[in-house]
Amino acid sequence: MARGKLRIYLGAAPGVGKTYAMLSEAHRRIERGTDCVVGFVEHHERPRTEVMLHGLERVPRQELEYRGGRFTEMDVDAVLRRAPAVALVDELAHTNVPGSRNAKRWQDVEELLAAGIDVVSTVNIQHLESLGDVVESITGVRQQETVPDEVVRRAAQIELVDMSPEALRRRMAHGNIYKSDKVDAALSNYFRPGNLTALRELALLWVADRVDEYLKQYRSEHRVSAIWGSRERIVVGLTGGPEGRTLIRRAARLAEKGAGGEVLAVYISRSDGLTSASPKELAVQRTLVEDLGGTFHHVVGDDIPAALLDFARGVNATQIVLGSSRRKTWQYVFGPGVGTTVARDSGPDLDVHIVTHEEVARGRGLPVARGARLGRSRLVWGWLVGVVGPAVLAVLLNTVHLGLANDMLLFLTVTVAAALLGGLFPALASAAVGSLLLNYFYTPPLHRWTIADPKNIVAIVIFVSVGVSVASVVDLAARRTHQAARLRAESEILSFLAGNVLRGETGLEELLERVRETFGMESAALLERAGDVDPWTCAGRVGAGRPVARPDEADVDMPVGDHMALALTGRVLPAEDRRVLAAFAAQAAVVLDRRRLKEEADQAKELAEGNRIRTALLAAVSHDLRTPLAGIKAAVSSLRSDDVAWSEEDRAELLAGIEEGADRLDHLVGNLLDMSRLQTGTVTPLIREIDLDEVVPVALGGVPEGSAELDVPETLPMVAVDPGLLERAVANLVENAVKYSPPERPVLVAASAIADRVEVRVVDRGPGVPDEAKDRIFEPFQRYGDAPRGAGVGLGLAVARGFAEAMGGVLNAEDTPGGGLTMVLTLRAAGPRPELLPAGEGTTHRERRIS
């Protein structure tokens, strides 16, 4: 069955019209004859949204009971049985009530998509997992309800529902989003103009990045090489010289002038001749461009201008920034230079900026492209001198006769010049032509191809030998120069590669992208298999080229051991490039092994933590739970005994002992179960607005009368918490404080409001805890000092902190002035926070929302 398609309406904040747009789309599809139903949509008493639900078939919801309340969620099974073509599911990031089929609504949506049902959903930008830190810095609150970015990225369509902050605030003021009693608080908190503007920019940029990804994929699939100036991308050509910093800063300023501007710095190293680029300077420039928000790229290319233009067109750049040439004036006789060549060949869609700097004309800049070891121009001059030079010299010597010895020296000079310019073959040609001309014009008998004097034969042989020897030396020197330059290029690439991996900056996908980019390939993939006869699997792949399932299907494959290979598609690499490719392949295997070792280490850490918890739990069961059980059993056995006539007072005392032991067991088992829920991440608080005086007094019911004093003013603001979790947390704190506080010094439980927070302080007058142990006492199965075994299993404070953090609060320990310990529980005052008002757009119980 084909997988269903997901369409998402993305908004910057509640009230921009995501649900309305989704329902409008549903009506359009129904008019076209599409089978469309409402899986879960909540109108939140918004009249216009409620009207849009009329005429749409709604799948009955599932009712769930949780902590005394009844809630409704989407009935996934009912939607699957109905099997519509399209299902509307609002609020993709919503957390389902405990007891639902899945913990998150996006998991419900995944099931519908897997069943072949198309889904239309909504989500706000603050609920994307990767943007949690950014949203927290904007709003001051960490979002508890999130959806993985990959779920949203896989959507077939993402449509931005946009509205200006001013228009959204007007909608809020008119009562079109929240009820009138919530409007003032919302406008002064979450719906402030600054918050809305920042979130709107975040949504626009995120959607722009997704559009850019789709554009790259389309261009790659359709092999579009022309530049589409959809956004400003500025490529900076670096030579490794000191002017690079100036170019990078200039490009960054250009990028700031356009929305979404991007800077890509590229250094091109040639395989047949490099400039003296300083690795240290390149590292500094790389750090600079990354600090300015750009990226650094290292590419190998024989033709510098062509490689630079290919890179710019490959990334769909709109501008290229180059520095003015550092070459001297006389050096322009060897060619126009990279800047001029790039500007000439860039075409009408790619602008080239030549930036002046302090190093102009102080030395060579970007090198001129060369085709062979000695350079194309040297080869041409070598052949001209080797073939035409002897003929021109013969014409000159026919007018001035200098003698055979002098004539031979002059022809030898021409041969040496041809060898120095063009290498071996032009020198051989010069020696052959020169020897024939010497024989014909200057060796008796003249004008005949014979030699009468044997001494002249020796002279001509020596002449040819010297010419060939000089040419051989020049050619060998050129070969060695080429090899040294090639090795230098390889060493610089490997230096960057090793530095990235050692610093942990390169993941497998980033490394494969660097391989693809360096060798100019269409795609790169790391393939592996478990054994010689097992099928190949892809451990990582980048690029848009054709996918390969086996190494022999690729254009280039580099084996790594017996069961791993690096496969590239795009072109066939020369043999000399395989040395660097082998290093890349080895590094890719190392990165893959490192990632797997990290995963195994994380699993081992989790197992070790679980073993520690289980060991401590067994220790607790072996003593702390057995002690009250033994007391209960002894008391029950005594009461059942017929040998002793118990008085009423004795029977009451034994029953009190049984009750006390049962209470201890209930408390210990409750803490153990709570700790287990916290460890497994299954604690899901049900947040609602309450007064502290409704919960805190109840939490003191488990301590002896008179052991605690309460000071909770009635004027305190309401707090957004889970009442059950708050009661358990405060009860554990008070019981712990009573346990360590002297009997004559009751524990004080006080509450106060500070800005937008409410603090509950539990103050005891016990021995206190040193600063270095304040964090340790919140760990599971920890007791401080010489607490007796009957003091519990050491879970009370751990459970209290876990519950506090689950509700979005903070629990810390402070010293009590005058001696003792104070537990400070900080809670958020009720108000239009992202967990309540903004995130509640797609739920049926906004004010009792699950964080």
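These numbers come from a predicted model, not from an experiment. (Residues numbered from 1 in each chain as written. Predicted model: local features only at pLDDT ≥ 70, side-chain atom pairs only at ≥ 80, totals over all residues. Heavy atoms only, no water.)

Let's talk about the overall build of the protein
This is how it is decided: Runs of E in the DSSP output that reach at least two residues are strands. Runs of H or I that reach at least four are helices, and both are numbered from the N terminus. With a 1.4 Å probe rolled over the protein chains alone, any residue whose accessible area is under 20% of its type maximum counts as buried; one over 50% counts as exposed, and the rest are partly exposed. Note on contacts: a residue pair qualifies if any of its non-hydrogen atoms lie within 4.5 Å across the two residues. All accessibility values rest on the Shrake-Rupley procedure with a 1.4 Å probe; residue burial counts only the protein chains present in the view.
For the protein, the count of helices and strands is 23 helices and 24 strands. By the burial criterion, 48% of the 851 residues in the protein qualify as buried. Contacts in the protein between residues far apart in sequence, at least 24 positions, make up 72% of those at least 6 positions apart. For the protein, the accessible area works out to roughly 41000 Å², and carbon and sulfur atoms hold 55% of it.

Things to note about the sheet that holds strand β24 (residues 821–828)
Rules: DSSP bridges decide pairing: two strands pair if at least two such bridges lie between them. Axis lines are fitted to C-alpha atoms, over the contacting stretch for helices. Their N-to-C directions set the angle, which ranges from 0 to 180 degrees.
In space, the five strands of this open sheet follow the order β19-β21-β22-β24-β23, with mixed pairing throughout. At either end of the open sheet lies a strand with only one pairing partner, and these are β19 (708–711) and β23 (810–815). Neighbouring strand axes in the sheet, compared pairwise and without regard to direction, differ in orientation by 20° on average. Across four bridges, β19 lies against strand β21 (residues 747–754) in parallel orientation. Bridging from a neighbouring strand, Glu709 pairs with Leu748 of β21. Sitting on the sheet, helix α22 (residues 723–740) is in contact with β19, β21, β22 (757–763), β23 and β24, with an inclination near 170° to β24. Where helix α23 (residues 796–806) meets the sheet, it contacts β23 and β24, and its direction lies at approximately 130° from that of β23.

Focus on the pattern of salt bridges
Condition: Take a side-chain nitrogen of Lys or Arg and a carboxyl oxygen of Asp or Glu: if they are within 4 Å of each other, that pair is a salt bridge.
Evaluation of the coordinates by the stated rule reveals 28 salt bridges. Of the charged contacts in the structure, one is a salt bridge between Asp345 and Arg344, with a shortest N-O distance of 3.1 Å. Under the relative-accessibility criterion, Arg344 is labelled exposed at 57%.

Concerning a nonpolar patch on the surface
Put simply, the rule reads: Patches here: salt-bridge-free residues with over 30% relative accessible area, like charges joined within 9 Å, nonpolar side chains (Val, Leu, Ile, Met, Phe, Trp, Tyr) joined within 5 Å.
A contiguous nonpolar patch, built from Val380, Trp381, Trp383, Leu384, Val387, Val388, Val392, Leu396, Leu421, Phe425 and Leu428 and spanning about 1000 Å² of accessible area, is present on the exposed surface. Counting only elements with at least two residues in the nonpolar patch, the list comes to α14 (376–399) and α16 (424–442). The element best represented in the nonpolar patch is α14, accounting for eight residues. One can find Trp381 in helix α14.

Some details on the sheet that holds strand β9 (residues 233–238)
Two modes of strand pairing occur in sheets, parallel and antiparallel, and in both the strands are linked by backbone hydrogen bonds. Ordered by their spatial adjacency, five strands build an open sheet running β11-β10-β9-β12-β13, and the pairing between neighbours is parallel. Looking at the sheet topology across the chains shown, the edges are occupied by β11 (295–300) and β13 (351–355). In this sheet, neighbouring strand axes are inclined to one another by 25° on average, regardless of whether the strands run parallel or antiparallel. Summarising the sheet, strand β10 (residues 262–269) and β11 pair through six bridges and their orientation is parallel. The partner of Ile268 across the bridge, within β11, is Val299. On the sheet, helix α10 (residues 244–256) packs against β9, β10, β12 (319–323) and β13 and is oriented at approximately 175° with respect to β9.

Examining the nonpolar core
Spelled out, the test is: In this description, a nonpolar core means a group of buried Ala, Val, Leu, Ile, Met, Phe, Trp, Tyr and Cys residues linked to one another through side-chain atoms lying within 4.5 Å.
Core analysis: the largest hydrophobic core is formed by 60 residues, its most contacted members being Leu88, Leu92, Leu112, Ile125, Val147, Val152 and Trp206. With six residues, the top contributor of residues to this core is helix α9 (residues 193–221). Those residues in contact with Val147 that sit more than four places away from it in its chain are Leu92, Ala93, Trp106, Val123, His127, Leu128, Glu129 and Val152. Of all hydrophobic cores here, the second largest spans 44 residues; its members include Val730, Met823, Leu825 and Leu827.

Some remarks on the packing of α14 against α16
In a packed pair of helices, the relevant descriptors are the angle between the two axes and the axis-to-axis distance. For the record, the criterion: The labels follow the angle: roughly parallel below 35 degrees, roughly antiparallel above 145, roughly perpendicular from 65 to 115, and oblique for the rest. Two helices cross in a left-handed way if the nearer one is turned anticlockwise from the farther one by less than a right angle. They cross in a right-handed way if the turn is clockwise. The residue classification treats Ala, Val, Leu, Ile, Met, Phe, Trp, Tyr, Cys and Pro as nonpolar and Asp, Glu, Lys and Arg as charged. All others, Gly included, are polar.
Remark: α14 packs on α16, axes separated minimally by 7 Å, with the N-to-C direction vectors making an angle of 15°. The pairing of α14 with α16 is recorded here as roughly parallel in orientation. Taken as a pair, α14 and α16 cross one another with a handedness that is right-handed. Here Gly382, Trp383, Gly386, Val387, Pro390, Ala391, Ala394, Leu397 and Asn398 of α14 come into contact with α16, specifically with Phe425, Pro426, Ala429, Ser430, Val433, Gly434, Leu437, Phe441 and Tyr442. Within the contact of α14 with α16, the residues separate by chemical class into 13 nonpolar, five polar and no charged.

Brief notes about α10
Here is the rule we go by: A helix is expected to span 1.5 Å multiplied by its residue count minus one. The directions considered for the arc are those from the helix axis to the C-beta atoms.
If you check α10, its first and last C-alpha atoms are 19 Å apart, about what 13 residues at 1.5 Å a residue would give, namely 18 Å. Buried residues of α10: Gly244, Leu247, Ile248, Ala251, Ala252, Leu254 and Ala255, and no others. The buried residues of α10 occupy one face: seen down the axis, they fall within an arc of 160°.

Let's talk about the environment of Ala477
Considering the arrangement of structural elements, one finds Ala477 in helix α17 (residues 454–502). Between the alpha carbons of Ala477 and Gly423 there is a distance of 9.5 Å; along the sequence they are 54 residues apart.

Some words on the packing of aromatic side chains
Note the cut-off: Ring geometry is summarised as follows: Phe, Tyr and Trp rings, the Trp one being its six-membered ring, pair when their centres sit within 6.5 Å, and such pairs are stacked at plane angles under 30 degrees, edge-to-face over 60 and tilted between the two. Charge-over-ring contacts are defined here by two conditions on Lys NZ or Arg CZ: a distance within 6 Å of the ring centre and an angle within 35 degrees of the ring normal.
Counted by the stated rule, this structure contains zero aromatic pairs. One residue, Arg61, lies across the ring of Phe40, its end atom 4.1 Å from the ring centre. Over the aromatic face of Phe40 sits the side chain of Arg105, whose NZ or CZ is 4.0 Å from the ring centroid.

Overview of the confidence of the model for the protein
What counts, and what does not: Scored between 0 and 100, pLDDT is the confidence that the predictor attaches to each residue.
Counting all residues, the mean pLDDT for the protein is 78, and 78% of those residues have values of 70 or more. Averaged pLDDT values over the elements of the protein bottom out at 65 in helix α8 (residues 180–188) and peak at 95 in strand β6 (residues 86–89). The low-confidence segment residues 361–372 (pLDDT under 50) makes 42 contacts with residues lying over four places distant or belonging to another chain. When the criterion is pLDDT under 50, residues 786–791 qualifies, and its contacts beyond four places in sequence or with other chains add up to nine contacts.

Some points on the packing of helix α15 (residues 404–422) against α16
Following both chains from N to C, one finds α15 and α16 inclined at 165°, their axes separated by 7 Å at the closest point. Comparing the axis directions of α15 and α16 gives the class roughly antiparallel. As α15 runs across α16, the sense of the crossing is right-handed. Here Leu404, Asp407, Met408, Phe411, Val414, Thr415, Ala418, Ala419 and Gly422 of α15 come into contact with α16, specifically with Leu424, Pro426, Ala427, Ser430, Ala431, Gly434, Leu437, Leu438 and Tyr442. Class assignment of the residues belonging to the contact of α15 with α16 gives a composition of 13 nonpolar, four polar and one charged.

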